[in-house]
Structure formats: C-alpha cells, structure tokens
Amino acid sequence: MAKRVNPMAVKANATYDVLEAARALNVTPATIRNWIKDGLEAMTSSKPYLILGSAIRTYLRAKYESARRPLKDDELFCPSCREGRKPLNLKVTQSQIATKTDLLKGVCHHCGGTATRMISHKQRPAFAEMFNITTGRNSEA
Ligand SMILES: [Zn+2]
C-alpha cells in the first residue's frame, strides 16, 4: 500500500509550487505532478504551477476516501486478504472491547485467517440476525 500523506501538512490558505508541496508533504515532486494529472487542482496557466493548500487537502481526502473499502453488512475485515470477507459458516465470536464497542471475530472463508469487525452495541441486533454469534466473556483488543 502506498504511504499515506497527512493532508494537514500543508496550510489551507498557502500556495505551493510543485517543489514546495513535495517538501511540505515529504513526497517526491513526481508524486505531486502525478496528482495534478490525476485531478489535483493546480493553477497551470503559468509556470511554476501553483497549488492551493486547501486543494491539496481536498484531493488527498477524496483519494483516501475512495481507497477505503467499505464492508458489506455480512462481512468482516480480513487483514490478510485486505478486504471484507464473509466469516466461515457465518460464525463469529463477539467480545466487548469498550463501553459501547464489540469486536466480532470470525474465520475468513477465503484464506482461513482471522477476520474482525468493530461494531457498536446498537448494531448488535442487526448482526445477530446475520451471523451465528457466540459471546466471548473475555475482552480482547
Ligand atoms: Zn482472508
């Protein structure tokens, strides 16, 4: 996975040329140029291109948002597969890990690894309908 850049590393109201933006975000100038090709809004009418910090922030946030893979209702996240997977036989164990949060754990049907999902207590009834849930008494983080 490509390394993440912190959008807050640039000031929203400042303008950056490619080199300055690269330095501020700790990436290469080529990366910035790729972002511009990819849709990062830049003032390209004159050189050097100037990029508004707020445009960089908007671009990065949108990029990371679309990279996130939302889980379907009946999926847990499998870190080995790096995506949502159904638990084997829809069997999961549920343990409370915080006041309002449970951790669901199951076996990834695809790779056999451990897949997990954090849910809030409010979501318990919905997940209880989908999965065959065993309640674990010990909390595991
Ligand atoms: Zn898996």
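Residues numbered from 1 in each chain as written. Predicted model: local features only at pLDDT ≥ 70, side-chain atom pairs only at ≥ 80, totals over all residues. Heavy atoms only, no water.

### Here we look at the coordination of the zinc ion
As a reminder of what qualifies: Coordinating donors are taken as N, O and S atoms within 2.8 Å of the metal, stretched to 3.2 Å for Na, K and Ca; because water is absent from the atoms, sites can appear incomplete. Just to be clear on the cut-offs, tetrahedral is four donors with all angles between 85 and 135 degrees, square planar is four donors and octahedral six with opposite donors over 155 degrees apart and all others between 65 and 115, and anything else goes down as irregular. Secondary structure is summarised from DSSP: a helix means a run of H or I of at least four residues, a strand means a run of E of at least two, and numbering begins at the N terminus for each. Each residue's exposure class comes from its accessible area (1.4 Å probe, protein chains only) as a fraction of the maximum for that residue type: buried when under 20%, exposed when over 50%, partly exposed otherwise.
Within the first shell, the zinc ion binds the protein through Cys78 (SG), Cys81 (SG), Cys108 (SG) and Cys111 (SG), at distances of 2.2 to 2.3 Å. Given four donor atoms and angles of 102 to 115° at the metal, the environment of the zinc ion is assigned as tetrahedral. Between consecutive donor residues of the zinc ion, the sequence gaps follow C-x2-C-x26-C-x2-C. With Cys81 in the loop between β3 (76-78) and β4 (83-85) and Cys108 in strand β6 (residues 101-108), this residue pair connects regions lying 27 residues apart in the sequence. Across the pair, exposure class does not vary: Cys81 and Cys108 are buried alike.

### Regarding the confidence of the model for the chain
The test is simple: Think of pLDDT as the predictor's per-residue confidence, scored from 0 to 100.
For the chain, mean pLDDT is 89; residues scoring 70 or higher make up 94% of the total. At the low end of the mean pLDDT range in the chain sits helix α3 (residues 53-67), at 84; at the high end sits helix α1 (residues 18-25), at 97.

### A few points about the packing of aromatic side chains
Two numbers describe a pair of aromatic rings. These are the distance of the centres and the angle of the planes. Our working rule: The pairing test for Phe, Tyr and Trp rings, Trp by its six-membered ring, is centres within 6.5 Å, and the orientation test on the planes gives stacked under 30 degrees, edge-to-face over 60, and tilted for anything in between.
Under the criterion given, the structure shown has two aromatic pairs. Ring centres of Trp35 and Tyr59 lie 5.7 Å apart, and the angle between their planes is 45°; on these two criteria the pair is classed as tilted. Of this pair, Trp35 sits in helix α2 (residues 29-38) while Tyr59 sits in helix α3, and the two are 24 residues apart along the sequence. Accessibility assignment for this pair places Trp35 and Tyr59 in one class, buried. Seen in terms of ring centroids, Phe127 and Phe131 are 5.9 Å apart; in terms of plane orientation they differ by 25°. Their pairing is stacked. Residue Phe131 is classed as buried on the basis of its relative accessible area, which comes to 5%.

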